[in-house]
Amino acid sequence: MRMLVQLVFGLFILKAVGAGPRLSRQVDLDSYDNGSYDVDLENVHSENQDVYDYEDELTDGDPEASMEEHKQEDEEDEAEEIHLKPQLIPQGSGGSGLLMGPDTQKGMPTCLLCTCLGGSVYCDDLKLDSVPPLPKDTTHFYARYNRITKINKSDFAFMNKLKRIDLTANKIKSIDDDAFLGLPELEELVIRENHVSQLPGLPNTMTLIDGSHNDISSKGIHHEAFKEMTKLLYLYLTDNHIDYIPVPLPESLRSLHLQRNNIQSMHEDTFCNLKDFNYIRNALEDIRLDGNPINLSRTPQAYICLPRIPIGDLV
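Residues numbered from 1 in each chain as written. Predicted model: local features only at pLDDT ≥ 70, side-chain atom pairs only at ≥ 80, totals over all residues. Heavy atoms only, no water.

**Let's talk about the overall build of the chain**
Counting its secondary structure elements, the chain contains four helices and 11 strands. Of all 315 residues assigned to the chain, the portion counted as buried reaches 34%. Across the chain, the fraction of contacts at a sequence separation of at least 24, relative to all contacts at a separation of at least 6, is 40%. Accessible surface for the chain amounts to roughly 20000 Å². Of this, 52% is attributable to carbon and sulfur atoms. (Helix = DSSP H or I, 4+ residues; strand = E, 2+ residues; numbered from the N terminus. Buried < 20%, exposed > 50% of the residue type's maximum accessible area, 1.4 Å probe, protein only. Contact = heavy atoms within 4.5 Å. Areas by Shrake-Rupley, 256 points an atom, 1.4 Å probe, with all protein chains shown as cover.)

Quick look at the structure:
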């Protein structure tokens, strides 16, 4: 019995000792709330000294090591901040040269208004009324389904890497004749579904020309416009007002689409060489003349060198 009483008494004492600091702290907080809390400067200094001693232990008792560590962290933060700042790069035709491309007339960079992926710039369906200033390293430019009415020479000035221009379905009525002649890498031009009446001058590097669904007449095509284009593969001039086939055509040509024009006749040497009956033009496999008033059966010698007869009326 005495053993049980001593055990209970001992547990009571342990509980009282554990509750002592908690009770004392509560009393101190109550005194602070009542405005009667006196600051013990010696105790505060002692506690601060304990904190300093702990920091010294973390740096093996070397204060200079701690300062060096903080300095290194500040330098790393500063370097990261500099890295995140947008850098100026030399691009843009007459623009600001910012990372997002030259500024447009709409008060924002081209690559914020449009979508820039690598060397390709996509400005489709943005209600543009003119060609925006492009980054100088642009290789492919798309501005389809806009409201562009005119192409100026300055629109593509100094664009030495530009390979493809697609201006499908705008409201273009006129193009400066030398708007594309200064582009040394240009290969593909698509200006279909506009109101163009004259095909502009083009460099000899062209591989594809698509001027379909316009108002181009035979007078709107330069004399022997395609003769020196030794890499031209595709020539599409569907749905225009052309009244004769624009010869001579380069040997490289594979596809010629002239359907729904006003072509009424054809010379026998339009595609073949009448002086050399062994001449075969294997590349030109796709000729579309359907929708024209021409009767293909009247000039059978014109197709003798071709791998396939043109598509069109034979009666």
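**Some details on the UniProt feature "domain: LRRNT" (unreviewed entry) in the chain**
As annotated by UniProt and renumbered to match this structure, "domain: LRRNT" (unreviewed entry) occupies residues 110-140. Helix makes up 13% of residues 110-140 and strand 23%. Its end C-alpha atoms lie 14 Å apart. (UniProt positions renumbered as here; feature names shortened; annotations may be inferred.)

**Quick notes on the sheet that holds strand E5 (residues 164-166)**
The nine strands are arranged E1-E2-E3-E5-E7-E8-E9-E10-E11 in an open sheet whose pairing can be described as mixed. One side of each edge strand has no neighbouring strand; the edge strands of this open sheet are strand E1 (115-117) and strand E11 (286-288). Shown here is a sheet whose adjacent strand axes are inclined to one another by a mean of 5°, direction ignored. (Pairing = 2+ DSSP bridges. Axes fitted to C-alpha atoms, helices over the stretch in contact; angles between N-to-C directions.)

**A word on the side chain of Asp 290**
Summarising the element assignment, Asp 290 is placed in the segment after E11. Side-chain polar atoms of Asp 290 contact the side chain of Arg 288, separated by 2.8 Å. Beyond its immediate chain neighbours, meaning those up to four positions away, Asp 290 contacts Gln 259, Arg 260, Ile 311 and Gly 312. (Polar contact = N/O pair within 3.5 Å; in protein donor to acceptor, adjacent residues only side chain to side chain.)

**Regarding the state of the cysteines**
Under the criterion given, the structure shown has three disulfides. The partner cysteine of Cys 111 in its disulfide is Cys 116, sulfur to sulfur 2.1 Å. Given an S-S torsion of about -85°, the disulfide between Cys 111 and Cys 116 has left-handed geometry. Each sulfur in the disulfide pair Cys 114 and Cys 123 lies 2.1 Å from the other. Taking the torsion about the S-S bond as the criterion, the Cys 114 to Cys 123 disulfide, at about 105°, is right-handed. Judged by relative accessible area, which is 6%, Cys 114 ranks as buried. Here the cysteine-cysteine linkages of the chain are recorded as 1-3, 2-4, 5-6, numbering only bonded cysteines and doing so in sequence order. (Disulfide = S-S within 2.5 Å.)

**Regarding the pattern of salt bridges**
Inspection of every chain in the model, using the stated rule, returns 12 salt bridges. The partner of Glu 224 in a salt bridge is Lys 227, and the shortest N-O contact between them spans 3.8 Å. With a relative accessible area of 34%, Glu 224 lands in the partly exposed category. By relative accessible area, which is 41% here, Lys 227 ends up partly exposed. Several salt bridges share partner residues, and in doing so they unite Asp 124, Arg 144, Arg 164, Asp 166 and Glu 188 into one network. (Salt bridge = Lys/Arg side-chain N within 4 Å of Asp/Glu carboxyl O.)

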